[in-house]
Amino acid sequence: MIQASQVAGDHMRMNQAIKIQTRPQFAGIPTDNLSALFRYCNRHYFNSELRPSSGFRLTFSRSARLSGCFTYCLQTHEDWGIAISSRLKCHPRALVSTLVHEMIHMLAHQRFRETGDKDLLDEEEKPGQPFVNRGHGAFFIGQLEQMNERFPHLGLTVKSTFGDHLYDHARIAPARLMLVSICPLQGKGMVYRLHERAELNWSHLRATAQAMHGVSDIQVVEVPGQLAEGFPLLRRDNAPRKNMKRRVLRHFASKTAALLETAGVRELTQTPAGARITRNPSECHIPSCENTPASHLRIHPAGHEPESYRHRM
Ligand SMILES: [Zn+2]
């Protein structure tokens, strides 16, 4: 029998094992060297056209919501900087794809400064021209498509998704989710992500479910990290974060049934003496949902958009 503390220990050791793998690189450049990567990308993908404004900064951000962010002055259109989410350091291809995406924005503003042609900024939709949202219109998409054709390994997108094919899945740490069944009759429930260093404390988790939704019917599952994206994160002591919204998911039973059938997902169960891991995924199911058609969890609400640049004055 495996005790609860052992389960938490297993989880942490797995996280550590992922962290101590070799230093990730792209074209021989360590991913933590943004300046060198920028120079490489400018030379290889932009024909060295980009000339950063004075004071331009390349930084890593702690954001998990945004993969990348381009900032510039609204008045002069000079570039201020590009920030890349530091968690992309473990994923060279995703990092470079995000960096190049932001560099296309930089190119648009540089060419606007040179020519005064407002169309380059893709600020509004024009009839018959591609437009996704502000900043991602005909010029941006045209550049993106040309680059993807010439350099397919970049896999450029307008919107990126954490854990897609550009990510090194072996470097994404597994995550734990608490599934809270709120009202089975109405198909309502909610999913929370446990803090990566949280102890698996069932009574604390039930108290959190009670505080948030007035119920204590919970399951805890360990999932490949990318499947945990977008769910609200609990504190390290398993309590809700301050001002955490009481969100509810619909079709909860079928969504959780689908999740439990996904490769790499396993349920963590509690016994009177503590918790043990259910090793056989086929044992993991919600009896009342056996005949429910599987549907995929919507796991990527809002976020990871490298296109989300900031306007600053
Ligand atoms: Zn963008």
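Bear in mind the structure is a predicted one, so any value in this text is a computation, not a measurement.

1. Details of helix H5 (residues 202–213)
Compared with the 16 Å implied by 1.5 Å per residue over 12 residues, the 16 Å span of H5 between its first and last C-alpha is a close match. Those residues of H5 lying buried are Leu205, Thr208, Ala209, Met212 and His213. For H5, the angular spread of the buried residues around the axis is 100°, confining them to a single face. Set apart from the buried face of H5 by more than 90 degrees, the exposed residues are Ser203 and Ala211. For H5, the elements touching its buried residues are strand S6 (175–183), strand S7 (188–193) and strand S8 (218–223). A positive backbone phi angle near 75° is found at Gly214, which sits one or two residues after H5.

2. Let's talk about the packing of helix H3 (residues 92–115) against helix H4 (residues 138–150)
Running from N to C, H3 and H4 point in directions that differ by 130°, and their axes come no closer than 10 Å. Put simply, H3 runs oblique to H4. The interaxial crossing formed by H3 with H4 has right-handed handedness. The segment H3 lies against H4, with Val100, Ile104, Leu107 and Ala108 engaging Phe139, Phe140, Gln143, Leu144 and Met147. Classifying every residue of the contact of H3 with H4 gives eight nonpolar, one polar and no charged.

3. Remarks on unusual backbone geometry
Although it is not a glycine, Asn47 sits at a positive phi angle of roughly 55°. Summarising the element assignment, Asn47 is placed in the loop between helix H2 (34–45) and strand S3 (57–61). A residue is classified by how many C-beta atoms lie within 10 Å of it, and Asn47, with 8 of them, is exposed. Unlike most non-glycine residues, Ser48 shows phi in positive territory, near 60°.

4. Observations regarding the environment of Arg236
Structurally, the position occupied by Arg236 is in the loop between S8 and helix H6 (252–261). Look at Arg236 and you get exposed, because 12 C-beta atoms sit within 10 Å. Expressed as a C-alpha distance, the spacing of Arg236 and Leu200, which sit 36 residues apart in the sequence, is 9.9 Å. Leaving out residues up to four positions away in the same chain, Arg236 has contacts with His195, Arg197 and Ala198.

5. Thoughts on the pairing of strand S5 (residues 79–85)
The element S5 is extensively covered by neighbouring structure, given that five of its seven residues are classed as buried. Pairing between S3 and S5: five bridges, direction parallel. Bridge pairing in S5 places Phe60 opposite Ile84.

6. A few points about the packing of H2 against H3
Interhelical geometry of H2 versus H3 gives an angle of 65° and a closest axis separation of 11 Å. When the axes of H2 and H3 are compared, the pair comes out roughly perpendicular. For the pair H2 and H3, the sense of crossing is right-handed. For the pair formed by H2 and H3, the contact residues are Leu37, Phe38, Cys41 and Tyr45 on the first element and Val96, Leu99, Val100 and Met103 on the second.

7. Some points on the nonpolar core
By size, the foremost hydrophobic cluster in this structure holds 32 residues, and its most contacted members are Cys41, Ile84, Val96, Leu99, Val100 and Met103. For this core, the secondary structure elements donating two or more residues are H2, strand S4 (68–73), S5, H3 and H4. In terms of residue count, H3 provides more of this core than any other element does, 10 residues in total. With residues up to four places along the chain from it excluded, the contact list for Val100 reads Cys41, Tyr45, Met147, Leu154 and Leu156. Core analysis: the next-biggest nonpolar cluster, separate from the first, contains 25 residues, Leu179, Val180, Leu200 and Ala228 among them.

8. What to know about H4
Here H4 contains 13 residues, and its C-alpha end-to-end distance of 18 Å stays within 8% of the 18 Å for a straight helix at 1.5 Å per residue. All of the buried residues along H4 are Phe139, Phe140 and Gln143. Down the axis of H4, the smallest arc covering the buried residues is 100°, so these residues share one side. Facing away from the buried side of H4 by more than 90 degrees, the exposed set consists of Glu145 and Glu149. Buried residues along H4 sit against H3.

Scoring rules and cut-offs
Residues numbered from 1 in each chain as written. Predicted model: local features only at pLDDT ≥ 70, side-chain atom pairs only at ≥ 80, totals over all residues. Helix = DSSP H or I, 4+ residues; strand = E, 2+ residues; numbered from the N terminus. Expected span 1.5 Å × (residues − 1). Buried ≥ 20, exposed ≤ 12 C-beta atoms within 10 Å, placed from the backbone. Arc of directions from axis to C-beta. Contact = placed C-beta atoms within 7 Å. Axes fitted to C-alpha atoms, helices over the stretch in contact; angles between N-to-C directions. Parallel < 35°, antiparallel > 145°, perpendicular 65-115°, else oblique. Left-handed = near helix turned anticlockwise from the far one by under 90°. Nonpolar A, V, L, I, M, F, W, Y, C, P; charged D, E, K, R; others polar. Pairing = 2+ DSSP bridges. Core = buried A, V, L, I, M, F, W, Y, C linked by C-beta atoms within 7 Å.

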